[in-house]
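In case you want the letters, here they are:
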Amino acid sequence: MRVNGRTLRYSNLAERRLFLSLGITEVRVPRSMNPYTVARRIARAAKNATPDMEFFKALATQAKRPPDLPPVPTPDFDRPEPVIPEHELVHAEAA
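Residues numbered from 1 in each chain as written. Predicted model: local features only at pLDDT ≥ 70, side-chain atom pairs only at ≥ 80, totals over all residues. Heavy atoms only, no water.

(A) Structural view of the pattern of salt bridges. Inspection of the entire model under this criterion finds one salt bridge. Ionic pairing is found between arginine 9 and glutamate 26, a salt bridge with its closest N-O pair at 3.0 Å. Here the residue arginine 9 occupies a position in strand E2 (residues 7–9), and glutamate 26 occupies one in strand E3 (residues 26–28), the gap between them amounting to 17 residues. Taking relative accessible area as the criterion, glutamate 26 reaches 31% and is therefore assigned partly exposed. (Salt bridge = Lys/Arg side-chain N within 4 Å of Asp/Glu carboxyl O. Helix = DSSP H or I, 4+ residues; strand = E, 2+ residues; numbered from the N terminus. Buried < 20%, exposed > 50% of the residue type's maximum accessible area, 1.4 Å probe, protein only.)

Right under this line is the structure:
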């Protein structure tokens, strides 16, 4: 399992089959959960049918998006925070 911030992606064929069986290619972990713990549970679920499989199905259905939406970058790394009009002067002074 590859951990990129809060986004988890598969790293082997068993995990890939698990993700694709649910119709996803990546899963975003909520802030209430530890991404490394979730990655470990998904890896266990990919090896055999355990209670971790039910956990992963619930997480995947929560993170699934409609197929007509284009993929968006993860908000952790790819986009700067928007500048609110009241803070424009502060940003201008800092530059």
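(B) The arrangement of the sheet that holds E2 in detail. Taken in spatial order, the three strands of this open sheet run E1-E2-E3, and their pairing is antiparallel. Sheet topology places strand E1 (2–4) and E3 at the edges, where each strand pairs with a single neighbour. Within the sheet, the average angular offset between the axes of one strand and its neighbour, ignoring direction, is 25°. One ladder, built from three bridges, connects E2 with E3; its direction is antiparallel. (Pairing = 2+ DSSP bridges. Axes fitted to C-alpha atoms, helices over the stretch in contact; angles between N-to-C directions.)

(C) Representation of the packing of helix H1 (residues 13–21) against helix H2 (residues 35–47). Between H1 and H2, the least distance of the axes is 9 Å, while the angle of their chain directions is 95°. Taken together, the axis directions place H1 and H2 in an arrangement best described as roughly perpendicular. Every residue of H2 that contacts H1 at Ala14, Glu15, Leu18 and Phe19 is listed here: Ile42, Ala43, Ala45 and Ala46. Counted by class, the contact of H1 with H2 contains seven nonpolar, no polar and one charged residues. (Parallel < 35°, antiparallel > 145°, perpendicular 65-115°, else oblique. Contact = heavy atoms within 4.5 Å. Nonpolar A, V, L, I, M, F, W, Y, C, P; charged D, E, K, R; others polar.)

(D) Structural view of the nonpolar core. The biggest cluster of nonpolar side chains holds 17 residues, and the ones touching the most others in it are Leu8, Leu18, Ile24, Val27, Val38, Ile42 and Phe56. Counting only elements with at least two residues in this core, the list comes to H1, H2 and helix H3 (51–63). Excluding its chain neighbours within four sequence positions, the residues that come into contact with phenylalanine 56 are Leu18, Phe19, Leu22, Ile24, Val27 and Ile42. (Core = buried A, V, L, I, M, F, W, Y, C linked by side-chain atoms within 4.5 Å.)

(E) View of the packing of aromatic side chains. Within this structure, the stated rule accounts for two aromatic pairs. Pairing tyrosine 10 with phenylalanine 19 gives two aromatic rings, centres 5.7 Å apart and planes at 65°, and the pair type is edge-to-face. A relative accessible area of 22% places tyrosine 10 in the partly exposed class. Ring-pair connections join several aromatic residues into one group, and the members of that group are Tyr10, Phe19 and Phe56. The ring of phenylalanine 55 carries arginine 41 above its face, with NZ or CZ at 3.9 Å from the centroid. (Phe/Tyr/Trp six-rings, centres within 6.5 Å; stacked < 30°, edge-to-face > 60°. Lys NZ or Arg CZ within 6 Å of the ring centre and 35° of its normal.)

The values reported here are purely geometric and, on their own, carry no functional implication.
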